[in-house]
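Below are the chains, spelled out letter by letter.
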Amino acid sequence: MDVAQNLAEIKTKINEASHKVNRDPNEITIIAVTKYVTIERTMEAIEAGISDLGENRQEGFLEKYDQIQDNVTWHFIGSLQTRKVKDVINKVDYLHSLDRLSLAKEIEKRASSTVNCFIQVNVSGEDSKHGLHPDEVMEFVEKISQYTKIHIVGLMTMAPHTEDKELLHQVFGILRNLRDTIKERNYPFAPCEYLSMGMSNDYDIAIEEGATHIRIGSKLVGANK
Ligand SMILES: *Cc1c(COP(=O)(O)O)cnc(C)c1O
């Protein structure tokens, strides 16, 4: 399937999910996750109208970033090792994986201007997943106030691989409630308006629960290298 066809199908599903909960589908940003695919396939996505790209590893990010920068917003969505911060932090527009103070500290040291960050939350509690426990997030946000280069734009989570829709609603709902709590505090360094949640298999449910940024790889650009 070409990317344009995939995108058309995804947009139809986004419209349906938005309609169900009275949301404006235009407030949802589609991030094309290009980690599985070539530069050519990534260019195809851009030609189809995609403006936001996501990579989860430093190598893949740098390889694509070096060739694709014009009119593209770059999202770093994978966990970021502290020693790799210096290589990527001044190139990404959004970091989706802020999950520890040591990372915040390194960003503070290396960033030349403010970095838009999502705090990654491990809502489902699976060992395989990165992120803070929901109970730790509020205290973490308060500690971030001392890092002047970090701007908390929202929260991010990865849901478990499951067909259990109830569970997915629950996981995404927990992230939304947490976002609302932080947003209510009106911290200038943490407007926390966004929710980065929903991937190829669960983005419709994420949208029903308030996702503003969905991260789609396999169903959009494919999983072939
Ligand atoms: C790979 C990846 C995605 C996209 O996954 P698909 O299921 O292929 O849509 C989204 N978010 C993160 C953090 C990823 O690593």
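Residues numbered from 1 in each chain as written. Predicted model: local features only at pLDDT ≥ 70, side-chain atom pairs only at ≥ 80, totals over all residues. Heavy atoms only, no water.

A. Representation of the overall build of the chain within the structure. Secondary structure summary: the chain contains eight helices and eight strands in total. For 225 residues, the compact-globule estimate of 2.2 N^0.38 gives 17 Å, and the C-alpha radius of gyration of the chain, at 17 Å, lies within 12% of that figure. In terms of overall dimensions, the chain has C-alpha extents of about 45 × 40 × 30 Å along its principal axes. When the 225 residues of the chain are sorted by exposure, 51% land in the buried category. Of all intrachain contacts in the chain linking residues separated by at least 6 positions in sequence, the fraction that spans at least 24 positions is 55%. With the model as given, the accessible surface of the chain reaches about 10,800 Å², and the carbon-plus-sulfur share is 43%. (Helix = DSSP H or I, 4+ residues; strand = E, 2+ residues; numbered from the N terminus. Rg over C-alpha atoms; globule rule 2.2 N^0.38 Å. Buried < 20%, exposed > 50% of the residue type's maximum accessible area, 1.4 Å probe, protein only. Contact = heavy atoms within 4.5 Å. Areas by Shrake-Rupley, 256 points an atom, 1.4 Å probe, with all protein chains shown as cover.)

B. Examining the UniProt feature "modified residue: N6-(pyridoxal phosphate)lysine" (unreviewed entry) in the chain more closely. Here, UniProt's "modified residue: N6-(pyridoxal phosphate)lysine" (unreviewed entry) annotation points to Lys 35. Here Lys 35 is to be found in the loop between strand 1 (29-33) and helix 2 (39-47). The residues contacting Lys 35, other than those within four sequence positions of it, are Gly 54, Glu 55 and Asn 56. (UniProt positions renumbered as here; feature names shortened; annotations may be inferred.)

C. Spotlight on the nonpolar core. Core analysis: the biggest nonpolar cluster contains 67 residues, and Leu 98, Ile 107, Leu 155 and Leu 220 have the highest contact counts within it. Broken down by element, the residue count for this core peaks at six residues, all from helix 7 (residues 165-184). The residues contacting Leu 98, other than those within four sequence positions of it, are Leu 103, Ala 104, Ile 107, Cys 117, Phe 118, Ile 119, Gln 120, Phe 140, Ile 144, Ile 150 and Ile 152. (Core = buried A, V, L, I, M, F, W, Y, C linked by side-chain atoms within 4.5 Å.)

D. Main features of the site of the ligand. Not every one of the 13 residues close to the ligand is listed here, only the nearest: Lys 35, Ser 200, Arg 215, Gly 217 and Ser 218. Note that an oxygen atom of the ligand is positioned 3.0 Å from one of the side-chain N or O atoms of Tyr 36. Between the ligand and the protein, one listed contact pairs an oxygen atom with a backbone N or O atom of Ser 218 at 2.8 Å. When each cavity is represented as a set of grid points, the ligand is found to reside in the largest pocket. By residue class, the composition of the shell around the ligand is seven nonpolar, four polar and two charged. (Near = heavy atom within 4 Å. Polar contact = N/O pair within 3.5 Å; in protein donor to acceptor, adjacent residues only side chain to side chain. 1 Å grid on protein atoms, 1.4 Å probe; cavity = no way out; pocket = protein on both sides within 12 Å on 5 of 7 lines; lining within 4 Å. Sits in = over half its atoms within 2 Å of the grid points. Nonpolar A, V, L, I, M, F, W, Y, C, P; charged D, E, K, R; others polar.)

E. Representation of the environment of Thr 12. Along the polypeptide, Thr 12 turns up in helix 1 (residues 3-20). We classify Thr 12 as partly exposed; its relative accessible area is 43%. Separated by 13 residues in the primary sequence, Thr 12 and Pro 25 place their C-alpha atoms 9.9 Å from one another.

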